[in-house]
Amino acid sequence: MAEQTIVGEAVLSIPWEDKPEGCADVVWRYSENPIIPRDAIPCSNSIFNSAVVTFGDDFAGVFRVDHRTRRMMLHTGRSGDGIHWDIEPEPIRFECDIPELQNFAYGYDPRVCKLEGRYYVHWCNWYHGPTIGIAWTEDFKTYHQTENALLPFQRNGVLFPRKINGSYVMLNRPSDNGHTPFGDIFLSQSPDLIHWGRHRYVMGTIGGWQSTKVGAGPTPIETSEGWLMIYHGVLTSCNGFVYSMGAALLDLDEPWKVMYRTAPYLLSPQRLYECVGDVPNVAFPCAAVCDAETGRIAIYYGAADTVVCLAFAQVGELIDYVKQNSAV
Ligand code: BMA
């Protein structure tokens, strides 16, 4: 095994499947994909772009469920193995004492970050346009919603799992009110998870599969080589947007500094469940569970805006690949 290591906890129960014989990919798909079908609960039109973390000896998560009304809602899910999930039939009702934010209109593309003993949920939250909503929970039963992090229009808010140089840090992606045809990744810093500033540019589009826009995916993974940021990149084809997955290594102390990023994609929509659905040709990563002991990474991604899928990587192999196939 390569010597690059994950800084974090051991998760011996991580979902895992060895790379198939003869597979040349650095990120490979779970053979039983999709792991969550679109109709897993009675109200769901689709379940995708969802966030998963370890919770005690088990797993918990916040799932994007587009209802049959086509309202975008967030639901709690629980799992013993990270693969088979029980999604609650009722959406999350956030506790919130801020009158202006109590009227939850929609939420989508959640991320969950374990930070200082709490689980912070952040998602694309409507407040006169899409912005980044934040709530925390300790039990995945009661969720305490706090201030939106930023002004509209924003998507893909992604918290780092610890303070860096005394500040909380969040990646974000300024956007517009629609199906944004542009988008670079920025980073904002906060003393208290309420007030955000000291904004920094992280990275933008560079061509090919990442030529229209880019956005951060799972909680960045701390490694011996820097923060491993898995992200999505978008290409505009004559049939519309194509969402693929790549990765970058960010400086540990100044994470707006990109050291390496993948010129080729790591995974692009090629399987039927990624190419056919409510929005074809989408692979959209939102979460990763990592085992510091073995270097295993399990990536959760939404496919075709319809279902939830799993893919796997080995940290050493992934970091070597990012370094050797980089265009910054
Ligand atoms: C983005 C977001 C994602 C979605 C993607 C493709 O703007 O809305 O939730 O997966 O478009 O439709």
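Data block above holds the structure.
Residues numbered from 1 in each chain as written. Predicted model: local features only at pLDDT ≥ 70, side-chain atom pairs only at ≥ 80, totals over all residues. Heavy atoms only, no water.

Novice: Give a detailed account of the site of the ligand, specifying residues and quantitative values.
Specialist: Surrounding the ligand, one finds Asn49, Arg64, Tyr108, Asp109, Tyr243, Val279, Val282, Phe284 and Asp305. Protein chains bury 85% of the 310 Å² of accessible surface belonging to the ligand in isolation. Of the residues that constitute the shell around the ligand, the class distribution is 5 nonpolar, 1 polar and 3 charged. (Near = heavy atom within 4 Å. Areas by Shrake-Rupley, 256 points an atom, 1.4 Å probe, with all protein chains shown as cover. Nonpolar A, V, L, I, M, F, W, Y, C, P; charged D, E, K, R; others polar.)

Novice: How would you explain unusual backbone geometry if you had to name every residue and give the values?
Specialist: For the bond from Asn33 to Pro34, the omega torsion is -10°, close enough to zero to count as cis. In this structure, Pro34 sits in the loop between β1 (28–29) and β2 (44–55). A cis amide bond links Pro152 with the next residue in sequence, Phe153, at an omega value of 5°. The residue Phe153 is located in the loop between β9 (144–145) and β10 (154–159) in this model. In this structure, Arg70 takes a positive phi of about 75° despite not being glycine. One can find Arg70 in the loop between β3 (58–67) and β4 (72–79). A relative accessible area of 48% places Arg70 in the partly exposed class. (Helix = DSSP H or I, 4+ residues; strand = E, 2+ residues; numbered from the N terminus. Buried < 20%, exposed > 50% of the residue type's maximum accessible area, 1.4 Å probe, protein only.)

Novice: For the pairing of strand β16 (residues 226–237), give the residues involved together with the corresponding values.
Specialist: With respect to burial, β16 is a largely interior element, 9 of its 12 residues being buried. Note: strand β15 (residues 221–223) against β16, 3 bridges, orientation antiparallel. In the strand pairing of β16, Thr223 is matched with Gly226. Counted between consecutive antiparallel strands, the loop separating β15 from β16 contains 2 residues. Pairing analysis gives 11 bridges linking β16 to strand β17 (residues 240–250), with the strands arranged antiparallel. (Pairing = 2+ DSSP bridges.)

Novice: Lay out the environment of Met245 in plain terms, naming residues and giving numbers.
Specialist: One can find Met245 in strand β17. A relative accessible area of 0% places Met245 in the buried class. Not counting residues up to four positions away in its chain, the partners in contact with Met245 are Trp209, Ile230, Tyr231, Tyr265, Leu266, Leu267, Pro285, Ile299 and Tyr301. (Contact = heavy atoms within 4.5 Å.)

Novice: Any chance you could break down the packing of aromatic side chains for me, citing the residues and the numbers?
Specialist: Within this structure, the stated rule accounts for 19 aromatic pairs. Ring geometry for Phe241 versus Tyr243: centroids 6.3 Å apart, planes at 75°, classification edge-to-face. Aromatic rings pair up to connect Phe55, Phe94, Phe104, Tyr119, Trp123, Phe140 and Tyr143 into one cluster. When the ring centre of Trp256 is taken as origin, the NZ or CZ atom of Arg200, which lies over that ring, is 5.4 Å away. (Phe/Tyr/Trp six-rings, centres within 6.5 Å; stacked < 30°, edge-to-face > 60°. Lys NZ or Arg CZ within 6 Å of the ring centre and 35° of its normal.)

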